[in-house]
Amino acid sequence: MKPFLSLIRWPNLLMIAYMQYVMRYAVIQPIIKLYGFELQMSGFTFFCLVLSTICTAAAGYVINDYFDIKTDHINRPDKVIVGKYISRRKTMMIHLILSIAGVLLGGYVTWAVGVPLLVLLFIFITGMLWLYSTTYKRQFLIGNLVVSLFTAIVPLLTLLDIPLLNRVYYNELLDMQTNLNLVVVWVSGFACMAFLTTFSREVIKDTEDFEGDSVCRTRSVPIVLGIGWAKGIVITVNMLTAGILGFVFWRFLRHNFEGGFDFLSFVYFLLLILSLLWVNWQVYRAHVAKDYHQASVMMKIIMVAGITYGWVVWYMMC
């Protein structure tokens, strides 16, 4: 059981589930309550959405390990699962089962919310994760962008509640001459944060795996441009992320609902910005794989902290 859990990256799957539940219950639900509305997607249907996302992501991790055996034997030999604890044939079977489960569950969700054609999105994501592992991962920048995009899609999937809300509350929205764009903006903000932090972390991981990737002729950023340029890209992206956080706080969040200064959000955003600056310093002075690994771990902590800000939103609105 332990090799299987390691193969599907269970901590990452928990983070995916956490992200989607935070979006639904800490962000979307409090916002629509401002309009006097209630969530329309059933708890079971939403659970199927989360499970579909988890299965699809797990399938991606499995097939990635399947095609990364040679690289992993160099970069992290103590963590190799495929061919050591789980045979290649069983690995492929696990990938197939998880992929089918993800698409079927996604199909049920899209049917339940009245937009069955959106099942094509789940099929597309499953196919793209296969292509990522076989092709895109070894191409310059494309692999990093694909992973970052799919991470951003995770919170955006929770917007599947919008079609139901528009259908049920159509007359009320017309009477109030409003829409649910505020929900889309908030969730998109978290998706943007997920994209930027994931992209930064992916480049850091590529730099950490420089030795194995160079042997396998992977065209990662540090191999194509050099480690110095890779560091510069990470630092630039993190500075951009910090700048966006500062702008969003000052422009939209510095005042709470009572009109006073939102000290809680100020402290939260300040800690996120300082953490990003710490990662920049760690990357700047990094010389060995261990240094990059520490920066990568910190980026994951920042990602989780960014998601957790949803509970601050819930606290302010409830």
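Details of the structure are given in the entry above.
Keep in mind that this is a model prediction, so the values were computed, not measured.

Draft legend 1. Expanded view of empty space enclosed by the protein. Per the stated rule, a full pass over the model turns up two cavities of 30 Å³ or more. Here the largest cavity defines a volume of roughly 80 Å³. If you trace the largest cavity, you find it lined by Met19, Met23, Pro155, Phe190, Met193, Ala194, Thr197, Met303, Gly306 and Ile307. Residue assignment for the lining of the largest cavity shows that the elements contributing at least two residues are helix H2 (10-33), helix H10 (181-208) and helix H15 (289-317).

Draft legend 2. Molecular detail of the layout of surface pockets. Considering only enclosed or pocket space, the second largest pocket measures out at about 660 Å³ in volume. Around the second largest pocket sit 25 residues that line it, and Trp186, Val248, Phe252, Leu253 and Phe269 are the ones nearest its centre. Elements that contribute at least two residues to the lining of the second largest pocket include exactly H10, helix H13 (227-253), helix H14 (263-284) and H15. It is H10 that provides the largest number of residues to the lining of the second largest pocket, a total of eight residues.

Draft legend 3. Quick peek at the side chain of Asn280. Looking at the element boundaries, Asn280 is found in helix H14. A polar side-chain atom of Asn280 sits 3.4 Å from the main-chain carbonyl oxygen of Ile235. Not counting chain neighbours up to four residues away, the residues in contact with Asn280 comprise Val234, Ile235, Asn238 and Met239.

Draft legend 4. Structural context of unusual backbone geometry. We note that Leu141 has phi near 70°; this positive angle belongs to a residue other than glycine. Phi at Gln177 is positive, roughly 50°, even though this residue is not glycine. Its location among the elements puts Gln177 in the loop between helix H9 (170-176) and H10.

Draft legend 5. How the structure looks around a nonpolar patch on the surface. Taken together, the side chains of Met239, Trp250, Phe261, Phe263, Phe266, Val267, Leu270, Leu271, Leu274 and Leu277 define a hydrophobic patch exposed on the protein surface, amounting to about 960 Å² of accessible area. Counting only elements with at least two residues in the nonpolar patch, the list comes to H13 and H14. With respect to the helices, strands and loops of the structure, Met239 is situated in helix H13. With a relative accessible area of 44%, Met239 lands in the partly exposed category.

Draft legend 6. The arrangement of the state of the cysteines in detail. Per the stated rule, a full pass over the model turns up zero disulfides. Summary of cysteine pairing: Cys55 is not part of a disulfide, and the nearest cysteine sulfur, belonging to Cys48, is at 10 Å. Residue classification places Cys55 among the buried residues on the basis of a relative accessible area of 11%.

Draft legend 7. Here's a closer look at the packing of aromatic side chains. Tallied over the entire structure, the rule returns 17 aromatic pairs. Taking the centre distance of 6.1 Å and the plane angle of 85° together, the rings of Tyr25 and Phe46 count as edge-to-face. Taken together, the residues Tyr25 in helix H2 and Phe46 in helix H3 (residues 43-67) connect sequence positions 21 residues apart. Taking relative accessible area as the criterion, Phe46 reaches 1% and is therefore assigned buried. For the cation-ring pair, Arg24 lies above Phe46, with the distance from its terminal atom to the ring centre recorded as 4.7 Å. The ring of Trp250 carries the charged tip of Arg254 above its face, separated from the ring centre by 4.1 Å.

About the cut-offs
Residues numbered from 1 in each chain as written. Predicted model: local features only at pLDDT ≥ 70, side-chain atom pairs only at ≥ 80, totals over all residues. Heavy atoms only, no water. 1 Å grid on protein atoms, 1.4 Å probe; cavity = no way out; pocket = protein on both sides within 12 Å on 5 of 7 lines; lining within 4 Å. Points joined across faces, edges and corners; volume = space filled by probe spheres on them. Helix = DSSP H or I, 4+ residues; strand = E, 2+ residues; numbered from the N terminus. Polar contact = N/O pair within 3.5 Å; in protein donor to acceptor, adjacent residues only side chain to side chain. Contact = heavy atoms within 4.5 Å. Patch = residues over 30% accessible without salt bridge, like charges linked within 9 Å, V, L, I, M, F, W, Y side chains within 5 Å. Areas by Shrake-Rupley, 256 points an atom, 1.4 Å probe, with all protein chains shown as cover. Salt bridge = Lys/Arg side-chain N within 4 Å of Asp/Glu carboxyl O. Buried < 20%, exposed > 50% of the residue type's maximum accessible area, 1.4 Å probe, protein only. Disulfide = S-S within 2.5 Å. Phe/Tyr/Trp six-rings, centres within 6.5 Å; stacked < 30°, edge-to-face > 60°. Lys NZ or Arg CZ within 6 Å of the ring centre and 35° of its normal.

Note that all results are geometric; they support no functional claim without further evidence.
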